[in-house]
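Okay, here's what each chain looks like letter by letter:
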Amino acid sequence: TVAEAISVRDTNIALPGIGSWIAVAIVQKNLPAIFLAIFAMLAVILVYDQLMFRPLVAWADRFRIGNEQSGDQPQSWALTVYRRSRLLDLMTKPFEQMMRWSYYWHPPHFGSRAATRTHDSRLADLLWYAILGLIGVYGAWRIYDFAHASLAWSDLAQAVGLGLITLVRVMVLIALASLVWTPVGVYVGLRPRLSRIVQPVAQFLAAFPANILFPLVVSLIVIWDLNPDIWLSPLMILGTQWYILFNVIAGASAMPGELQDAADNFGVKGWLWWKRVALPSVFPYYVTGAITASGGAWNASVLAEVASWGKTTLHAHGLGAYIFDATAAGDFRRVVLGIAVMSFFVVVVNRLLWRPLYWYAERKFRLT
């Protein structure tokens, strides 16, 4: 929906599709057209959810590993139709025969010596990191050589400052979404029947392109004359917050029954239950959801920090708006600078925050 309508300087590219429909509706301030696009997208997502993902979920349940069987097994009417369809059998028969023929292939073997040979020697590690370092230095030099012709150090300082603003925005939004959806996810995940209802809805909302809803929010911001720096920010997390919810639901659903029984027998309740049982159990899953939501929020910043409604364009201070404006102006050097700065911030945050949290979760809170 984003890639179907792109504007770079005086060039406008519009592909047939719902994305270009939304772009035209925004320019015309056509709310009925926006609602039609929303309903069309809901219908499309519902169709492929029922015809592809629901059957996959129901079929994958047969490969569940563990002693505890799911009390409420997922069902799919489409999977039943696929299993009973003679037409699908005829269509897939050549592929099935090809797969059976491939079973006779054997991978080459190079003897026991090759199987036991160690590859992660210190010399190989040093050589690999040296190659990566050289590639990084060469890439940084090429970026500098490309950008310094028309950009000054003040432009780099401006991009870094705007990147810090977007970074603060992303972290605050992730924290707020975590405070809201982590308790909800634990509550839902510990109730299998409720989980069967809520988790598909959360996944459905995660699949829905949130930028289709942007015009509705932006129109309200314009009508009420709200501060863009504050009220455009929630658009960054609108489509990615659901990753936190359904990952926490998955973590709570995977909590061993023995652990819950032990907590009940010892009378662990209230904040102590959250501190010693619930939060440690879902923490590895939460970290995965938070990492995904954070990456999505960085991506969405390019769309969320600049929003239009008719001839009115709202700007929030941030790196996403910097990249958007540079793209619209056709200033390729500032586009490269903005992307480089955003990549730097994402890598630094991953190295200093998300990766240590992930390792900590794997070491301390792993249940298996």
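In the block above lies the structure referred to throughout.
The rules behind the values
- Residues numbered from 1 in each chain as written.
- Predicted model: local features only at pLDDT ≥ 70, side-chain atom pairs only at ≥ 80, totals over all residues.
- Heavy atoms only, no water.
- Helix = DSSP H or I, 4+ residues; strand = E, 2+ residues; numbered from the N terminus.
- Patch = residues over 30% accessible without salt bridge, like charges linked within 9 Å, V, L, I, M, F, W, Y side chains within 5 Å.
- Areas by Shrake-Rupley, 256 points an atom, 1.4 Å probe, with all protein chains shown as cover.
- Salt bridge = Lys/Arg side-chain N within 4 Å of Asp/Glu carboxyl O.
- Buried < 20%, exposed > 50% of the residue type's maximum accessible area, 1.4 Å probe, protein only.
- Axes fitted to C-alpha atoms, helices over the stretch in contact; angles between N-to-C directions.
- Parallel < 35°, antiparallel > 145°, perpendicular 65-115°, else oblique.
- Contact = heavy atoms within 4.5 Å.
- Nonpolar A, V, L, I, M, F, W, Y, C, P; charged D, E, K, R; others polar.
- 1 Å grid on protein atoms, 1.4 Å probe; cavity = no way out; pocket = protein on both sides within 12 Å on 5 of 7 lines; lining within 4 Å.
- Points joined across faces, edges and corners; volume = space filled by probe spheres on them.

1. Considerations on unusual backbone geometry
Here's step 1: Unlike most non-glycine residues, K29 shows phi in positive territory, near 55°.
Here's step 2: For K29, the position within the fold is in the loop between helix 1 (18–28) and helix 2 (31–60).

2. Re a nonpolar patch on the surface
Here's step 1: A cluster of nonpolar residues, V44, Y48, M52, F53, L56, W59 and F63, forms a patch on the protein surface that exposes about 660 Å² of accessible area.
Here's step 2: Residue classification places V44 among the partly exposed residues on the basis of a relative accessible area of 47%.

3. Some words on the pattern of salt bridges
Here's step 1: Per the stated rule, a full pass over the model turns up six salt bridges.
Here's step 2: Measuring nitrogen to oxygen at the nearest pair gives 3.0 Å for the salt bridge that ties R334 to D155. With a gap of 179 residues between them, R334 in helix 16 (residues 332–364) and D155 in helix 7 (residues 153–189) connect regions that are remote in the sequence.
Here's step 3: In this structure D155 comes out as buried when scored by relative accessible area, which is 11%.
Here's step 4: Ionic pairing is found between R169 and E305, a salt bridge with its closest N-O pair at 2.8 Å. Remark: E305 occurs in the loop between helix 14 (270–304) and strand 3 (306–309) and R169 occurs in helix 7; sequence separation between them is 136 residues. The pair formed by R169 and E305 is uniform in burial state, with each residue classed as buried.
Here's step 5: What you see here is one network of salt bridges that share partners, running through D155, D331 and R334.

4. Some details on the environment of G295
Here's step 1: Tracing the backbone through its elements, the reader meets G295 in helix 14.
Here's step 2: With relative accessibility at 30%, the residue G295 sits in the partly exposed group.

5. Some words on the packing of helix 7 against helix 15 (residues 319–329)
Here's step 1: The N-to-C vectors of helix 7 and helix 15 enclose an angle of 130°; their axes lie 7 Å apart at closest approach. Looking at the two axes, helix 7 sits oblique to helix 15. Side by side, helix 7 and helix 15 meet where D155, Q158, A159, L162, G163 and T166 of the first sit next to L319, G320 and Y322 of the second.
Here's step 2: Tallied by class, residues from the contact of helix 7 with helix 15 come to four nonpolar, four polar and one charged.

6. Details of the layout of surface pockets
Here's step 1: When its volume is computed, the second largest pocket comes out at roughly 1,000 Å³.
Here's step 2: Going through the elements one at a time, strand 1 (5–8), strand 2 (11–14), helix 1, helix 9 (214–224), helix 14, strand 3 and helix 15 are the ones with two or more residues in the lining of the second largest pocket.
Here's step 3: At seven residues, the largest contribution of residues to the lining of the second largest pocket is made by helix 1.
Here's step 4: The residue inventory of the lining of the second largest pocket, partitioned by class, reads 22 nonpolar, eleven polar and one charged.

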